[in-house]
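Residue-level structure breakdown
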Amino acid sequence: MSGVTDLPFRRLIRELSGGCAPFFVSEFLSAGSSVFLTPANLRAARFDKEEEPFCIQLFGHNADKLANAALQAQELGAAFVELNAGCPAPKVSNKGSGAGLLRDLPNLAKILQAMKANIKVPLFLKCRLGWDENSICINEVLEIAEGEGVEQLTVHGRTKTQGYKGLANWDIIGEVAAKAKIPVIGNGDINSMEKVLNAIENYGVKGVAIGRAVLRNPWIFNPSAKIDVRGAVLRFNELMMQDGFRPMQALGRLKQLCARLCSDVPDFRLKILRCQNHDEFLDNFTP
Ligand SMILES: Cc1cc2nc3c(=O)[nH]c(=O)nc-3n(C[C@H](O)[C@H](O)[C@H](O)COP(=O)(O)O)c2cc1C
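Model, not experiment: these values are computed from the prediction. (Residues numbered from 1 in each chain as written. Predicted model: local features only at pLDDT ≥ 70, side-chain atom pairs only at ≥ 80, totals over all residues.)

Quick look at the environment of Gly-211 now. With respect to the helices, strands and loops of the structure, Gly-211 is situated in the loop between β7 (207-209) and α9 (213-216). Between the alpha carbons of Gly-211 and Val-4 there is a distance of 9.6 Å; along the sequence they are 207 residues apart. Filtering out sequence-adjacent residues up to four positions away, Gly-211 remains in contact with Met-1 and Asn-187. (Helix = DSSP H or I, 4+ residues; strand = E, 2+ residues; numbered from the N terminus. Contact = placed C-beta atoms within 7 Å.)

Shown next, in the form of structure tokens:
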């Protein structure tokens, strides 16, 4: 998740997962400029040995640039390269990238073909159901993906125009999974082990992808976790500082985590979200 699952955050989740090893995907990296290996992309592409095999996700709308970016991602050590065809943010999708690719399936096919031809590691695709409810195209996307040699399809069961509203449509995800020859990973609203098992047993997906629930419950991968909010917040801070974050940068990320983590204690939540600086924020968590 862009702006969320960077290296310090993934380190935190790994530590809180008690030996369970989630399969991590990078934040999405832009393949939009002529140079792919920008400082920002190089930073976002970093991963720990313990995260291997690691997946680097890319977004863009230009086949040549994405093919080049895919090769660079492979050279940076990615075991899998994934194309994002799901991001609904206007600055991404209105330019034809992310979910914008669902409005131009010939270009999606061209991009997948170019990426596939340029890498040896498996190519994955992550997408939504379609641009809007009148243009659901996930069946065509599956056909294109299989035709172009994509080896795993992750389906977020919403349309672009839905954003994050409403519930993901798991019936459609299930239909896609039943039809697919490649593994389909279901995505949308998974926040418990019961939902994971339900998705696998009743919707035929090979696995699930978990997004926002990790912010609300960073212990989600650990069935016997000891919940220690203060410990997790302070550790996240430590991991960001070790990674060279500036205090104000870290403050934003701490608030992002705490806004979800502390939603059951609204007064405290409001107090910490109003903190003007890093020290003031940390005072609330220091015994
Ligand atoms: C802040 C934020 C950033 C996201 N960034 C990405 C991204 O970079 N790549 C991606 O494939 N999905 C991204 N997503 C979408 C999630 O991966 C996921 O598909 C979506 O949130 C639905 O799953 P969930 O209900 O488990 O959160 C992002 C979601 C959020 C809320």
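Next comes the rest of the account.
This part covers helix α5 (residues 105-118). Relative to the 20 Å expected for 14 residues at 1.5 Å per residue, α5 spans 20 Å between its end C-alpha atoms, a close match to the ideal helical length. When we look at burial in α5, the residues that qualify are Leu-108, Ile-111, Leu-112 and Met-115. Take α5 and look down its axis: the buried residues cluster within an arc of 95 degrees, on one side only. Among the structural elements, α3 (63-75), β3 (80-85), β4 (123-128) and α6 (138-147) are those in contact with the buried residues of α5. (Expected span 1.5 Å × (residues − 1). Buried ≥ 20, exposed ≤ 12 C-beta atoms within 10 Å, placed from the backbone. Arc of directions from axis to C-beta.)

It is worth spelling out the sheet that holds strand β1 (residues 25-30) at this point. Here we have 7 strands laid out as an open sheet, ordered β1-β2-β3-β4-β5-β6-β7, and parallel in their pairing. Edge strands, defined here as strands with exactly one partner in the open sheet, are β1 and β7. The sheet shows a mean angle of 25 degrees between the axes of neighbouring strands, taken without regard to direction. Summarising the sheet, strand β5 (residues 152-156) and strand β6 (residues 184-187) pair through 4 bridges and their orientation is parallel. If you follow Thr-154 over to β6, its bridge partner there is Ile-185. Contacting β2 (55-59) and β3, α3 crosses the sheet at an angle of about 160 degrees to β2. (Pairing = 2+ DSSP bridges. Axes fitted to C-alpha atoms, helices over the stretch in contact; angles between N-to-C directions.)

The subject of this paragraph is the nonpolar core. Core analysis: the largest hydrophobic core is formed by 61 residues, its most contacted members being Ile-56, Leu-58, Leu-66, Val-81, Leu-112, Met-115 and Leu-125. Here this core gets 6 residues from one element, more than from any other, and that element is α3. Excluding residues within four positions of it along the chain, Leu-58 makes contact with Phe-28, Leu-29, Ala-31, Leu-66, Ala-69, Ala-70, Ala-73, Val-81, Leu-83 and Asn-84. Phe-9, Leu-12, Val-233 and Cys-262 belong to the second largest nonpolar core, which has 19 residues in total. (Core = buried A, V, L, I, M, F, W, Y, C linked by C-beta atoms within 7 Å.)

Our next topic: the packing of helix α1 (residues 7-16) against helix α10 (residues 229-242). As a packed pair, α1 and α10 sit with axes 9 Å apart at the nearest point and diverge in direction by 140 degrees. Overall, the two elements α1 and α10 adopt an arrangement that is oblique. Note on packing geometry: the crossing formed by α1 with α10 is right-handed. Within the contact between the two elements, α1 uses Pro-8, Arg-11, Leu-12, Glu-15 and Leu-16 and α10 uses Ala-232, Arg-235, Phe-236, Leu-239 and Met-240. Split into classes, the residues belonging to the contact of α1 with α10 amount to 7 nonpolar, no polar and 3 charged. (Parallel < 35°, antiparallel > 145°, perpendicular 65-115°, else oblique. Left-handed = near helix turned anticlockwise from the far one by under 90°. Nonpolar A, V, L, I, M, F, W, Y, C, P; charged D, E, K, R; others polar.)

One way to put it is that helix α11 (residues 247-261) packs onto helix α12 (residues 266-273) with a least axis distance of 10 Å and a crossing angle of 170 degrees. It follows from the interaxial angle that α11 and α12 lie roughly antiparallel. Of the residues in α12, those in contact with Lys-255, Cys-258 and Ala-259 of α11 are Arg-269, Ile-272 and Leu-273. Residues of the contact of α11 with α12, tallied by class, amount to 4 nonpolar, no polar and 2 charged.

What follows concerns the pairing of β3. Sheet faces and side chains relate simply in a regular strand, where the side chains alternate between the two faces. By the criterion of burial, β3 is predominantly enclosed, with 6 of the 6 residues buried. Every second residue of β3 is oriented toward a common face, with Phe-80, Glu-82 and Asn-84 on one face and Val-81, Leu-83 and Ala-85 on the other, all of them buried. In this sheet, β3 lies alongside β2 in parallel orientation, the contact comprising 4 bridges. Counted as the bridge partner of Gln-57 is Glu-82 from β3. With α3 bridging β2 and the parallel β3, this β-α-β connection has right-handed handedness. Alignment of β3 against β4, held across 5 bridges, turns out to be parallel. When the sheet's bridge partners are listed, Val-81 is paired in β4 with Leu-123. (Right-handed = clockwise from strand over helix to strand, strands pointing away.)

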